[in-house]
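Report on the structure
Okay, here's what each chain looks like letter by letter:
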Amino acid sequence: MRTEAIVLRNIRWQDTSIITHALTDDYGRISIMTKGAFKRKENVMPYFDLFSITNFDLYKGNNMFYFNFADSSKVSGDLYKEPISFRVCSILSEIIIKTMLDNYSVPNVYPLTKRFLELLSEAKNKVLFFSAWLIKYISFMGYRPIISDNKDELVIYEDGIVVAEPASMVGHYRRVSFEESNLIKKLLFSEMSEIMKFDVGNELSMKILDLIIFYFKLSFSINKLNSYEELKKFLNGVI
């Protein structure tokens, strides 16, 4: 079968082979075994560059797909030059691997992720641009937040509802300002080609991402995202 896939992670297997976790439109997240990847006459490794968009020819085994050949591969322009770009893509990879089932396609996730990678190099604020990918991904996965803006101060519930009634707060919650809630709504409902032009300060963009990560972890019952912690450490030394 032929399919286009986004490479999420590579694991070396028995010295000469690799197992690749990838995202596809038709099959969702899949595992690809490439036997003898490091011994082939043709250098196939460029097809497995992290976060590349690659056209694969595969055949299906009992537990995974197997590499036959690939005929093209494309990587976002500044991915390996811009540290923030690579770090937000690492969070994306960790999130998909932890939350998507093997061989189960979720509508809209692949086109969203492909569009994100294609536009990333041109995005004015890459952290905010990634926040847009994440809030849309959460929505497509069935955890879309309900946002109300009756007052200036809003609250995010663990069940995804954002309201302005402190008396009704239960469980874990985070307070957000009207400005923050309004920006999250724009990220949720605007096209990625529009969001890439948003010019927001680093401090606010990181706060927005932190709020969305908080909501994501509660919704998917995930305690920690290692790649997100690495991004915060990096930005603390930059901003």
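Since this is a predicted model, take the numbers as computed values, not measurements.

Check the secondary structure of the protein and you find 7 helices and 9 strands. By residue count, 51% of the 239 residues in the protein fall in the buried class. Residue pairs in contact within the protein that sit at least 24 positions apart in sequence constitute 62% of those at least 6 positions apart.

Okay, the pairing of strand β2 (residues 17-24) next. For β2, the buried fraction is high: 8 of the 8 residues fall into the buried class. Covered by surrounding structure in β2 are Ser17, Ile19, His21 and Leu23 together with Ile18, Thr20, Ala22 and Thr24, the residues of both alternating faces. As paired strands, strand β1 (residues 2-13) and β2 are joined by 8 bridges and run antiparallel to one another. Bridge pairing links Arg12 to Ile18 in β2. The antiparallel hairpin formed by β1 and β2 contains 3 residues in its connecting segment, where Gln14 sits at a positive phi of about 50°. Across 7 bridges, the pairing between β2 and strand β3 (residues 28-34) is antiparallel. Considered in β3, the bridge of Ala22 is made with Ile30. Taking the residues between adjacent antiparallel strands as the criterion, β2 and β3 are bridged by 3 residues.

Let's shift gears to the side chain of Asn125. Within the fold, Asn125 resides in the loop between α2 (109-119) and α3 (126-143). A distance of 3.2 Å separates the side chain of Asn125 from the backbone nitrogen of Val127, its partner in a polar contact. From its side chain, Asn125 meets the backbone oxygen of Val200 in a polar contact 2.8 Å long. If sequence neighbours within four positions are ignored, Asn125 has contacts with Phe198, Val200, Gly201, Asn202 and Ser205.

Each value, and the rule that gives it
Residues numbered from 1 in each chain as written. Predicted model: local features only at pLDDT ≥ 70, side-chain atom pairs only at ≥ 80, totals over all residues. Heavy atoms only, no water. Helix = DSSP H or I, 4+ residues; strand = E, 2+ residues; numbered from the N terminus. Buried < 20%, exposed > 50% of the residue type's maximum accessible area, 1.4 Å probe, protein only. Contact = heavy atoms within 4.5 Å. Pairing = 2+ DSSP bridges. Polar contact = N/O pair within 3.5 Å; in protein donor to acceptor, adjacent residues only side chain to side chain.

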